[in-house]
Amino acid sequence: MIRYFNTCRFAAFIIVVAAFVSCQPAQEPMSGLVKDRLDRSMQQCLLMAESLQNLPDQLPRSINANGELVTSRSDWWCSGFFAGSLWYLYEYQPSQTLLDDARRYSQRVEKEKDNKGTHDLGFMLYCSFGNGYRLTGDTAFRNIMLTGAESLSSRFNPQVGCIQSWGANQKWQFPVIIDNMMNLEFLFWASKVSGNSKYRDICISHADKTIENHFRPDYSSYHVVSYDPVSGQVEKKNTAQGYNDDSAWARGQAWGLYGFTVMYRETQDGKYLEQAKNIAHFILQHPNLPADKIPYWDFNAPPDAKRDASAGAIIASALIELSGYVDPSLAQRYLSVAETQIRTLSSPEYFAAKGDNGNFILKHSVGSLPRNSEVDVPLTYADYYYIEALLRYQSL
Ligand code: GLY
């Protein structure tokens with residue numbers, strides 16, 4: 001009798017599982033999803049380009065509380081991302097309109113090549129002109145970037161061994177933020193094109209100091225490490241955009257992952273690969289990483305925190321590249337997470353309908369929550385790294 005009941009219960013269990021499985025909608029194949037979202041991203045970016053065409057010098061930044069477009073001038077650190085998105089989309093599906101728009105919005109950023117007051121020149125110039133040069137070979141773009149690389153390297157202090165991120169202020173004498181790892185790809189490019197190894201040497205020094213001082217034993221990173229510019233010693237370890245000094249600000253972890261993946265690509269030095277893998281491990285095994293793999297804005301933020309789509313997009317793109325440098329089982333793990341991130345960002349929860357969301361592609365990013373600035377809004381860099389992740393996934 002007991003065996004009869006157990007058999008019945010087992011059969012019932014199988015029926016329930018089978019019913020559950022058969023009720024799940026079949027997942028859209030990745031190839032079709034990626035193509036569709038690239039097509040729709042292109043439509044959205046063309047609408048954005050059209051809306052700004054007659055606003056000289058303006059570049060997209062976000063939306064305000066009424067859903068209206070907020071723009072910036074070229075000195076905002078995000079000024080190059082929109083042009084970069086247009087170049088990526090031109091690469092995906094070349095057209096005269098995309099080429100004209102990509103050139104137009106790159107040119108709006110050109111004057112930043114002489115800006116020695118920011119470390120963000122990699123974001124500004126390499127995402128815009130860097131992609132433009134890669135795709136067109138236009139020597140004018142190359143010259144703009146070489147000037148910019150010289151401006152960026154003027155912020156390197158040999159005593160500290162790092163590029164200074166922000167200017168000195170009352171709190172920090174020589175602040176270096178983890179985000180600064182993202183400018184190194186630009187300097188590697190400058191070394192290769194100019195034949196001058198000093199830019200590459202700066203990258204290696206900056207990355208080595210960052211390994212030494214920005215990372216905790218669990219491979220999460222501080223946001224800001226400030227140095228004494230004379231002695232070169234660390235003076236403070238803090239945050240600016242994270243939950244607190246000891247927390248793991250999600251985008252900071254994403255910048256580190258991406259930055260050390262690039263360091264390995266450019267040097268083939270295994271210590272950078274180890275660093276990237278350790279950062280990936282921190283992110284992927286974190287108990288606060290949601291099942292849909294889009295992080296909260298800080299891994300240590302209190303429950304019900306806002307998500308940061310930009311961190312999800314940056315991590316997805318970095319993991320796809322990193323998967324090419326590791327053993328097959330780890331590669332599979334990285335790609336599986338990147339696929340989940342792309343699927344989540346491509347869902348209606350994150351992916352805006354045509355003409356909505358101020359003509360940005362993705363919703364739900366966080367700029368700086370401690371300053372109550374750009375919270376749960378679209379941001380140009382979320383769009384840029386999302387498109388990059390789609391293209392990288394498509395070329396696997
Ligand atoms: N400071 C660049 C960022 O917000 O990620």
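Provided above is the structure to which this section pertains.
Just so we're clear, the structure is a prediction, and the values are computed from it rather than from any experiment.

Structural notes on the environment of P302
1) Next: Structurally, the position occupied by P302 is in the loop between α10 (270-284) and α11 (309-322).
2) Next: Residues P302 and Y243 lie 59 residues apart in sequence; the distance between their C-alpha atoms is 8.9 Å.

With respect to the packing of aromatic side chains
1) Next: Taken as a whole, this structure holds 29 aromatic pairs when the rule is applied.
2) Next: With a centroid separation of 5.9 Å and 75° between ring planes, the pair formed by W87 and F141 is classed as edge-to-face. Of this pair, W87 sits in helix α3 (residues 81-92) while F141 sits in helix α6 (residues 139-153), and the two are 54 residues apart along the sequence.
3) Next: Note on W87: relative accessible area 0%, which makes it buried.
4) Next: Residue classification places F141 among the buried residues on the basis of a relative accessible area of 3%.

A look at the site of the ligand
1) Next: In the neighbourhood of the ligand, the contacting residues comprise W77, D179, Q241, W249, R251 and W255.
2) Next: In this structure, R251 approaches the ligand through a side-chain N or O atom, which is 2.6 Å from an oxygen atom.
3) Next: One of the side-chain N or O atoms of W255 is found 2.8 Å from an oxygen atom in the ligand.
4) Next: If the ligand stood free it would expose 200 Å²; the protein chains cover 93% of that surface.

Comments concerning empty space enclosed by the protein
1) Next: All told, the structure shown has 1 cavity of 30 Å³ or more when counted by the stated rule.
2) Next: The volume enclosed by the largest cavity comes to roughly 50 Å³.
3) Next: Every residue lining the largest cavity is listed: C45, M48, P60, F82, S85, N359, F360, T380 and D383.
4) Next: The set of elements that each furnish at least two residues to the lining of the largest cavity consists of α2 (30-52), α3 and α13 (380-394).
5) Next: Residues of the lining of the largest cavity, tallied by class, amount to 5 nonpolar, 3 polar and 1 charged.

Rules used in this analysis
- Residues numbered from 1 in each chain as written.
- Predicted model: local features only at pLDDT ≥ 70, side-chain atom pairs only at ≥ 80, totals over all residues.
- Heavy atoms only, no water.
- Helix = DSSP H or I, 4+ residues; strand = E, 2+ residues; numbered from the N terminus.
- Phe/Tyr/Trp six-rings, centres within 6.5 Å; stacked < 30°, edge-to-face > 60°.
- Buried < 20%, exposed > 50% of the residue type's maximum accessible area, 1.4 Å probe, protein only.
- Near = heavy atom within 4 Å.
- Polar contact = N/O pair within 3.5 Å; in protein donor to acceptor, adjacent residues only side chain to side chain.
- Areas by Shrake-Rupley, 256 points an atom, 1.4 Å probe, with all protein chains shown as cover.
- 1 Å grid on protein atoms, 1.4 Å probe; cavity = no way out; pocket = protein on both sides within 12 Å on 5 of 7 lines; lining within 4 Å.
- Points joined across faces, edges and corners; volume = space filled by probe spheres on them.
- Nonpolar A, V, L, I, M, F, W, Y, C, P; charged D, E, K, R; others polar.

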